[in-house]
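# Topology and contacts: notes
If you want the building blocks of each chain, they are given just below.
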Amino acid sequence: MKRLLIYSCLTLTSLMGYAQLDVDLDTGSTRQETQTPSAEGKNKNKLFNKAKDFVDKRWVKNVDTLYIQNPKQVWRISLDSYLSQSDLQMKSTIDGENIGAEGDVRCKPQIRTDVSTSIGVRVGYKGLAAHYAFNVAGDKGRDFSLSSSGTWYCVHFRLHEFKTKEPQVKYEGNFYQDDSDETKWESHTDKWILTSPIKAKTMVLDGYYIFNKRRFSYKAAYRQSVIQKRSAGSWLAGAMFYYSDFRFDDVANAQLILNMGDVGRIKQWEANLGAGYGYNFVPAKGWLISAMAMPMVTLYNRVKTYSYDSYVRELAEAEEWLDPEDVAPEDRWFNEMDTDAHNNRIRLNFNARLSLTYNFDRYFVNLNGQFYNFGYHHGNNSGRLNDWFANVAFGVRL
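Now for a look at the structure at hand. (Residues numbered from 1 in each chain as written. Predicted model: local features only at pLDDT ≥ 70, side-chain atom pairs only at ≥ 80, totals over all residues. Heavy atoms only, no water.)

Relative to strand 4 (residues 116-125), strand 2 (residues 75-95) is paired through 10 bridges, and the arrangement is antiparallel. For Ser 84, the partnering residue across the bridge sits in strand 4 and is Ser 116. Judged from the seven bridges that link them, strand 2 and strand 3 (residues 101-112) form a sheet pairing that is antiparallel. Across the sheet, the residue bridging to Ile 94 is Val 105, located in strand 3. (Pairing = 2+ DSSP bridges. Helix = DSSP H or I, 4+ residues; strand = E, 2+ residues; numbered from the N terminus.)

Now the structure itself:
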């Protein structure tokens, strides 16, 4: 079981130099000898041991033991509970004739999940950790993460998936009054109850370089694999890659898609670089308060939208109005029209984290949270995503 976990966690560790493990240190060349099946088995064990040594050395290497303590127990397991919320706010300009208005109408859909509660488990070996959680209250969803931490770096991958059926749309424009030719400027918000949910997936891969690696430990605050004994801070350099996919491309959502300017799916990719500062404050033995703030520059920001045509548009453009609900199910059609991709300009972003930890004997209690903010602009559509979570965990070192 332990070996299985280490194999899975080492996926991220490979980003930090794992490829070097298959190089002959004496000759500098890569081994390519023909091996028998039994030799292959021995080589797997040898590779496993080298990978383990690689992790071990980076767990204890070059630290000031007056500031950082490495516990004798190398395994950790913790039960935790998450509170999380994702808030996607979009803006688009659509033709008002399709919704009973004159001229252009500004639409501001907001896809905000309820504050969801999830329960999960995290298993760690030294600087490696894997985590899985599923929602038990709020919108349906799940959360999975992998991380690898050393004295001078931390790499973290998080996958978050959720569904929601209750977006809100704000409309601003000159709407016709009571079937007359008179218009009036109105601003109102409608809450939609969808039969087909909006499906969202976000992935974040972030990594940090720690300059004060001898006295400041990132993993003491967020992974509990070591213990910070004295207060210390460090400048940090970081990189973050973000991907999101929001889709509601279903015939049941044809009216919402029409109000979104025919857009029924939005994908986004972002690459960010930044620098910031982290500080670990130790007010008393066993306690640790950690905070990190990092402004970031979005160097790559690409958005791809998917447009759809449907029977609802056909009804909206017809001379006589017919309620979409009155159309027989077999006559409701829905087709993808085209896709459009666009690179956005460079923008500023922000990443912040906060953690509170208490260590006693072999046990620990941790409360931590993180806030992400991402934005995009494409043609008549723009938006931003706020994604945050707070986590409380109780764990034991084994």
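Now for the pattern of salt bridges. Scanning the entire structure with this criterion turns up 12 salt bridges. The residue Arg 265 makes a salt bridge to Asp 245 at a minimum N-O spacing of 2.7 Å. One end of the pair, Arg 265, is in strand 13 (residues 263-281); the other, Asp 245, is in strand 12 (residues 232-247), with 20 residues separating them in the sequence. Asp 245 gets classed as buried once you look at its relative accessible area, which sits at 8%. (Salt bridge = Lys/Arg side-chain N within 4 Å of Asp/Glu carboxyl O. Buried < 20%, exposed > 50% of the residue type's maximum accessible area, 1.4 Å probe, protein only.)

This next bit is on the nonpolar core. The tendency in soluble globular proteins is for nonpolar side chains to be buried as a group. Counting 51 residues, the largest nonpolar core has Met 90, Val 105, Tyr 171 and Tyr 218 as its most contacted members. With seven residues, the single largest contributor to this core is strand 14 (residues 287-310). With residues near it in sequence (within four places) discarded, Tyr 218 still touches Cys 154, Tyr 208, Ile 210, Met 292 and Arg 353. Of all hydrophobic cores here, the second largest spans seven residues; its members include Ala 254, Leu 258, Leu 315 and Ala 316. (Core = buried A, V, L, I, M, F, W, Y, C linked by side-chain atoms within 4.5 Å. Contact = heavy atoms within 4.5 Å.)

The subject of this paragraph is a negative patch on the surface. Among the surface-exposed residues, Asp 95, Glu 97, Glu 102 and Asp 104 lie close enough to one another that they form a single negatively charged patch. Considering the arrangement of structural elements, one finds Glu 97 in the loop between strand 2 and strand 3. Classification of Glu 97 by relative accessible area gives exposed; the value is 59%. (Patch = residues over 30% accessible without salt bridge, like charges linked within 9 Å, V, L, I, M, F, W, Y side chains within 5 Å. Areas by Shrake-Rupley, 256 points an atom, 1.4 Å probe, with all protein chains shown as cover. Lys, Arg positive; Asp, Glu negative; His and termini not counted. Charge placed at Lys NZ, Arg CZ, Asp CG, Glu CD.)

So, about a positive patch on the surface. Taken together, the side chains of Lys 140, Lys 163, Lys 165 and Lys 199 present a region of like positive charge at the surface. Here Lys 163 lies in strand 7 (residues 153-164).

Applying the stated criterion across every chain, the model contains 15 aromatic pairs. When the centroid spacing of 5.5 Å and the interplanar angle of 35 degrees are considered together, the rings of Tyr 208 and Tyr 218 count as tilted. Placement of Tyr 208 in strand 10 (residues 198-210) and of Tyr 218 in helix 3 (residues 218-222) is noted, with a sequence separation of 10 residues between them. A residue is classified by how much of its surface remains accessible, and Tyr 218, at 3% relative accessible area, is buried. Clustering of aromatic rings is evident, with ring pairs tying together Trp 287, Tyr 358, Phe 360, Tyr 363 and Phe 394. Across the ring face of Tyr 67, the terminal group of Arg 230 is positioned such that the distance to the ring centre comes to 5.8 Å. (Phe/Tyr/Trp six-rings, centres within 6.5 Å; stacked < 30°, edge-to-face > 60°. Lys NZ or Arg CZ within 6 Å of the ring centre and 35° of its normal.)

Remember, this is a structural readout, not a statement about activity or role.
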